[in-house]
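Chains, contacts and geometry: an overview
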Amino acid sequence: MRAEADTIMRVVERTCETLAFMFPMLPDDDPPADEATAAVRVDFSGPVSGYLLVTAPRRMLPALASNMLGLEPDEIAECAGVDALKELGNVICGNLLPALAGPEPVFRMSPPRPCDAPAPPGGAAPVRAWLDEGWVEVAVCPEGGLECLTALAARGEKSADSARTV
Amino acid sequence: MALNVLVVDDSAVMRTMILRTLQMTQIPLGELHEAENGREGLEALAEHWIDLAIVDINMPVMDGEEMIERARSTPETAGTPILVVSTEGSETRISRIVQKGARFVHKPFTPEELRDVITGLVGEVS
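Remember, predicted model here, so these are calculated numbers, not experimental data.

**Considerations on helix H3 (residues 64–72) of chain B**
Residues and elements named next belong to chain B.
- Among all positions in H3, only Gly64, Glu65, Met67, Ile68 and Ala71 are buried. All buried residues of H3 fall inside an arc of 160° around its axis, so they share one side.
- The N-cap residue of H3 is Asp63: its side-chain oxygen and the backbone nitrogen of Glu65 are 3.2 Å apart.

**Focus: empty space enclosed by the protein**
- Under the criterion given, the structure shown has two cavities of 30 Å³ or more.
- Space inside the largest cavity adds up to approximately 90 Å³.
- In terms of lining residues, the largest cavity is bounded by 13 residues, among which A:Gly94, A:Pro98, A:Phe107, B:Glu88 and B:Gly89 are the most central.
- For the lining of the largest cavity, the element with the highest residue contribution is helix H3 (residues 78–101) of chain A, accounting for four residues.
- Residues of the lining of the largest cavity, tallied by class, amount to six nonpolar, six polar and one charged.

**Topic: the interface of chain A and chain B**
- Between chain A and chain B, the contact holds 25 residues from the first and 22 residues from the second.
- For the pair chain A and chain B, the summed buried surface comes to about 2000 Å²; carbon and sulfur atoms form 58% of the total.
- Counting the surface chain A buries against chain B, the share from its top three residues, A:Leu69, A:Glu87 and A:Val106, is 24%.
- Remark: the boundary between chain A and chain B carries two salt bridges.
- Among the ionic pairs, A:Glu87 bridges to B:Lys107, the shortest N-O distance being 3.6 Å.

**Concerning unusual backbone geometry**
- Omega for the peptide link from B:Lys107 to B:Pro108 comes to 5°, which places this bond in the cis form.
- Relative to the elements of secondary structure, B:Pro108 occurs in the loop between strand S5 (103–106) and helix H5 (111–125).
- Residue A:Phe21 is not a glycine yet carries a positive backbone phi of 50°.
- Here the phi dihedral of B:Val61 falls at roughly 70°; this positive angle occurs in a residue that is not glycine.
- By secondary structure assignment, the location of B:Val61 is in the loop between strand S3 (52–55) and H3.

**Points about the pairing of strand S6 (residues 134–142) of chain A**
Residue and element names in this part refer to chain A.
- Within S6, nine of the nine residues are buried, leaving the element largely enclosed by the surrounding structure.
- By the alternation rule, side chains of S6 split into Gly134, Val136, Val138, Val140 and Pro142 and Trp135, Glu137, Ala139 and Cys141, which are all buried.
- Both strand S2 (residues 50–57) and S6 contribute to a ladder of six bridges, which runs antiparallel. Within S6, the position partnered with Leu52 by the bridge is Val140.
- Across five bridges, the pairing between strand S5 (residues 127–131) and S6 is antiparallel. Bridge pairing in S6 links Trp130 to Trp135.
- Linking S5 to S6, which pair antiparallel, is a turn of two residues.

**Some thoughts on the nonpolar core**
- If you look at the biggest cluster of nonpolar residues, it comprises 66 residues, and the most contacted ones within it are A:Val136, A:Val138 and A:Leu149.
- With 12 residues, the top contributor of residues to this core is H3(A).
- Grouped together as the second largest cluster of nonpolar side chains are 19 residues, B:Leu42, B:Ala53, B:Ile57 and B:Ile68 included.

**Overview of the packing of helix H1 (residues 2–20) of chain A against H3(A)**
Residue and element names in this part refer to chain A.
- The N-to-C vectors of H1 and H3 enclose an angle of 140°; their axes lie 9 Å apart at closest approach. One element, H1, and the other, H3, form an angle in the oblique class. Where H1 crosses over H3, the handedness of that crossing is right-handed. Counted together, Glu4, Thr7, Ile8, Val11, Val12, Arg14, Thr15, Cys16 and Leu19 of H1 and Glu87, Leu88, Val91, Ile92, Asn95, Leu96, Ala99 and Leu100 of H3 form the full contact between these two elements.

**Some details on a negative patch on the surface**
All names here are of chain B.
- On the surface, Glu36, Glu40, Glu43 and Glu47 cluster together into a patch of negative charge.
- Tracing the backbone through its elements, the reader meets Glu36 in the loop between strand S2 (29–35) and helix H2 (38–47).
- By relative accessible area, which is 42% here, Glu36 ends up partly exposed.

**Points about the side chain of B:Asn58**
- Structurally, B:Asn58 can be placed in the loop between S3 and H3.
- When its relative accessible area of 10% is taken as the criterion, B:Asn58 is described as buried.
- A distance of 3.5 Å separates a polar atom in the side chain of B:Asn58 from the backbone nitrogen of A:Met109.
- Leaving out residues up to four positions away in the same chain, B:Asn58 has contacts with A:Arg108, A:Met109, B:Asp10, B:Glu88 and B:Arg93.

**What about the confidence of the model for chain B?**
- On average, residues of chain B score 92 in pLDDT, and 98% of them reach the 70 mark or higher.
- Element-level pLDDT for chain B is lowest in H5(B), with a mean of 82, against a maximum mean of 98 in H2(B).

Parameters and conventions
Residues numbered from 1 in each chain as written. Chains lettered and ligands numbered in written order. Predicted model: local features only at pLDDT ≥ 70, side-chain atom pairs only at ≥ 80, totals over all residues. Heavy atoms only, no water. Buried < 20%, exposed > 50% of the residue type's maximum accessible area, 1.4 Å probe, protein only. Helix = DSSP H or I, 4+ residues; strand = E, 2+ residues; numbered from the N terminus. Arc of directions from axis to C-beta. Polar contact = N/O pair within 3.5 Å; in protein donor to acceptor, adjacent residues only side chain to side chain. 1 Å grid on protein atoms, 1.4 Å probe; cavity = no way out; pocket = protein on both sides within 12 Å on 5 of 7 lines; lining within 4 Å. Points joined across faces, edges and corners; volume = space filled by probe spheres on them. Nonpolar A, V, L, I, M, F, W, Y, C, P; charged D, E, K, R; others polar. Contact = heavy atoms within 4.5 Å. Buried area = accessible area lost by both parts, 1.4 Å probe. Salt bridge = Lys/Arg side-chain N within 4 Å of Asp/Glu carboxyl O. Pairing = 2+ DSSP bridges. Core = buried A, V, L, I, M, F, W, Y, C linked by side-chain atoms within 4.5 Å. Axes fitted to C-alpha atoms, helices over the stretch in contact; angles between N-to-C directions. Parallel < 35°, antiparallel > 145°, perpendicular 65-115°, else oblique. Left-handed = near helix turned anticlockwise from the far one by under 90°. Patch = residues over 30% accessible without salt bridge, like charges linked within 9 Å, V, L, I, M, F, W, Y side chains within 5 Å. Areas by Shrake-Rupley, 256 points an atom, 1.4 Å probe, with all protein chains shown as cover. Lys, Arg positive; Asp, Glu negative; His and termini not counted. Charge placed at Lys NZ, Arg CZ, Asp CG, Glu CD. pLDDT = per-residue confidence, 0-100.

Here you go:
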């Protein structure tokens, strides 16, 4: 699971950096349990179906929207923060699926939607990236567990090897 | 010549990001149109003269791949330059899109990446 967690962290940090100009920081203490958060969910279907949960502190959303839209925080409508988090979730999901399952499988992603952040089911330990403006937590929840996604990548590599041998 | 651009993406945040990036380039811009899905995108293509369509893939109602297929099979829009800006990571699907004559930029993109591809695309057309 360590390799998968590293992959998730790499994708989340790169996406936050490129899309929202938010840069990785060294891990901090756990955020306070009562910190207000917002979460979005992106469902995906294909050879493996499931969903991705992206959670961030509400206090970070104005900066997220401001950075993504290139506007001052006081020019940002309140709903833009959640819209920005939805787009962040969409881009993270689109980049994570091929990073975990390999470049061949075709997945269909549903539009991101806000959700109450439930604890992810067993086996999908969330990965938290610390950023200069706060943190982002991502949980990948495929049906059958993370192994089902990574098995697709292993199968793809095997068939590529066989093709090279032939 | 000012360029009329259509941006088709179901995310208002992403449409704004793309339009702001366009405005940062030195490309002279004419009319800027927005659509939330492939069906609205085709309607905009039918109603307006569009020099460049920037299209997402994963959208509700009609996805970008179907929109491109339909645009390519309509004589008036068959030659419209199309740039796909998407999170799509499947090489299988990207290859299908490129075979339909569209360019591809992966999200997340830097403003410079988007600018360079659009500049190249516009240069080839003009």
